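In case you want the letters, here they are:
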Amino acid sequence: MNVLVAGGAGYIGSHAVKQLIEAGHRVTVVDNLSRGHRDAIAPEATFVQLDTAQTEPLAELLTRQAIDCVMHFAAFTYVGESIERPLDYYDNNTAATVGLLKAMALARTARLVFSSTAAVYGQPDVAPITESCACRPINPYGRSKWFVEQILEDLARANPDFGAIAFRYFNVAGAAADGTLGERHDPETHLIPLVLMAAMGKRDKLTVFGTDYPTPDGTCIRDYIHVEDLCDAHIRAIDTIRPGEKKTFNLGIGRGYSVREVIDAVVRVTGLSVPVEYGPRRPGDPAILYADSTRAQAELGWTPKYQDLDPIIQTAFFHRRSHGED
């Protein structure tokens, strides 16, 4: 199948490109490289430097490459930044996606796999979170993705040929099993790479925000999904998209880990100590957040291969060591 990956130079997108090619698909990548890395794109993919807001050039590319399905990862993803610069998030995450959807309409490309976020749920009252939980996003990042999901529902109702699947998930972690790809964010805000960086001497210490939450060890609990498992679900979704329908799935491993459990796992995996500083809670941080992925497993035939924290961290550590971070 001919698949266009928007945001294919980013962390998740580049892993998806790699796995799509390994699965025998022909892949075209579009990325404006504002936050992605050109060298992360598999050489077998066709790369065109474009922004998803560039409707006409995208439509021409979709037609020229005879694209059957678009996989959309292109987005800004920092919650704090979204609060400081909301217009950038609504422009890049929401408005630019409308540009992409217009291009798909012009090219008659009718299938979309959309990488959304569990931030659309806001602060739910239950754990684990199911797809039936109300969506009440509490920051511009979550709202920018939620608006897109509603647009997809409207489009599927209006166009009986168009179909979409949206995935909601929390913390993506780990690296390609062969060590070729991994996380390269700047700035880095994800917990597992931050703990690894502290353990490997790449930062002075790790700051833990809050030790008095109503959890077994007092620190926040979150779920973690390996990037390869996440991409596997996205790829499986391609063949399950139905015309005139927008479906939504949560992704996760079905349980959460506390901040202290993540630190302990890094110590186990690396054999290194982690310098830690304890600070006050950050405003708006819920005590427990993790997703129920039962629906995805049942309907997509998807099962995460990485269901424990240690092997997830092992792949991230292997990638960092493989790229000279001793």
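Fair warning: this is a prediction, and the values are worked out from it, not measured in the lab.

1. Observations concerning the overall build of the chain
Piece 1. Each helix and strand in the chain was counted, giving 10 helices and 14 strands.
Piece 2. A compact globule built from 326 residues would reach a C-alpha radius of gyration of about 20 Å, and the chain, at 19 Å, matches this within 12%.
Piece 3. Counting only C-alpha atoms and orienting by the principal axes, one finds that the chain spans roughly 55 × 45 × 40 Å.
Piece 4. Looking at the chain residue by residue over its 326 residues, the buried ones come to 56%.
Piece 5. Of the contacts formed within the chain by residues at least 6 apart in sequence, a portion of 78% connects residues at least 24 apart.
Piece 6. Counting only carbon and sulfur atoms, one obtains 49% of the accessible surface of the chain, whose full area is about 14000 Å².
Piece 7. Each charge class in the chain can be summarised by its mean position, and for the 32 positive and 41 negative side chains these summaries are 1 Å apart.

2. Points about the packing of helix α1 (residues 11-22) against helix α7 (residues 227-237)
Piece 1. As a packed pair, α1 and α7 sit with axes 9 Å apart at the nearest point and diverge in direction by 60°. The handedness of the crossing between α1 and α7 is right-handed. Where α1 approaches α7, its residues Tyr11, Ile12, His15, Ala16, Gln19 and Leu20 are matched on the opposing element by Val227, Glu228, Leu230, Cys231, Asp232 and Ile235.
Piece 2. When the residues that make up the contact of α1 with α7 are grouped by side-chain class, the tally is 8 nonpolar, 2 polar and 2 charged.

3. Observations concerning the packing of helix α2 (residues 55-64) against helix α4 (residues 86-107)
Piece 1. Taken N-terminus to C-terminus, the directions of α2 and α4 make an angle of 45°; their axes are 8 Å apart at the nearest point. The orientation of α2 relative to α4 falls into the category oblique. Remark: the crossing between α2 and α4 carries right-handed chirality. Within the contact between the two elements, α2 uses Thr55, Leu58, Ala59, Leu62 and Thr63 and α4 uses Gly99, Leu100, Lys102, Ala103, Met104, Leu106 and Ala107.
Piece 2. A per-class count over the contact of α2 with α4 returns 8 nonpolar, 3 polar and 1 charged.

Cut-offs and rules
Residues numbered from 1 in each chain as written. Predicted model: local features only at pLDDT ≥ 70, side-chain atom pairs only at ≥ 80, totals over all residues. Heavy atoms only, no water. Helix = DSSP H or I, 4+ residues; strand = E, 2+ residues; numbered from the N terminus. Rg over C-alpha atoms; globule rule 2.2 N^0.38 Å. Buried < 20%, exposed > 50% of the residue type's maximum accessible area, 1.4 Å probe, protein only. Contact = heavy atoms within 4.5 Å. Areas by Shrake-Rupley, 256 points an atom, 1.4 Å probe, with all protein chains shown as cover. Lys, Arg positive; Asp, Glu negative; His and termini not counted. Charge placed at Lys NZ, Arg CZ, Asp CG, Glu CD. Axes fitted to C-alpha atoms, helices over the stretch in contact; angles between N-to-C directions. Left-handed = near helix turned anticlockwise from the far one by under 90°. Nonpolar A, V, L, I, M, F, W, Y, C, P; charged D, E, K, R; others polar. Parallel < 35°, antiparallel > 145°, perpendicular 65-115°, else oblique.

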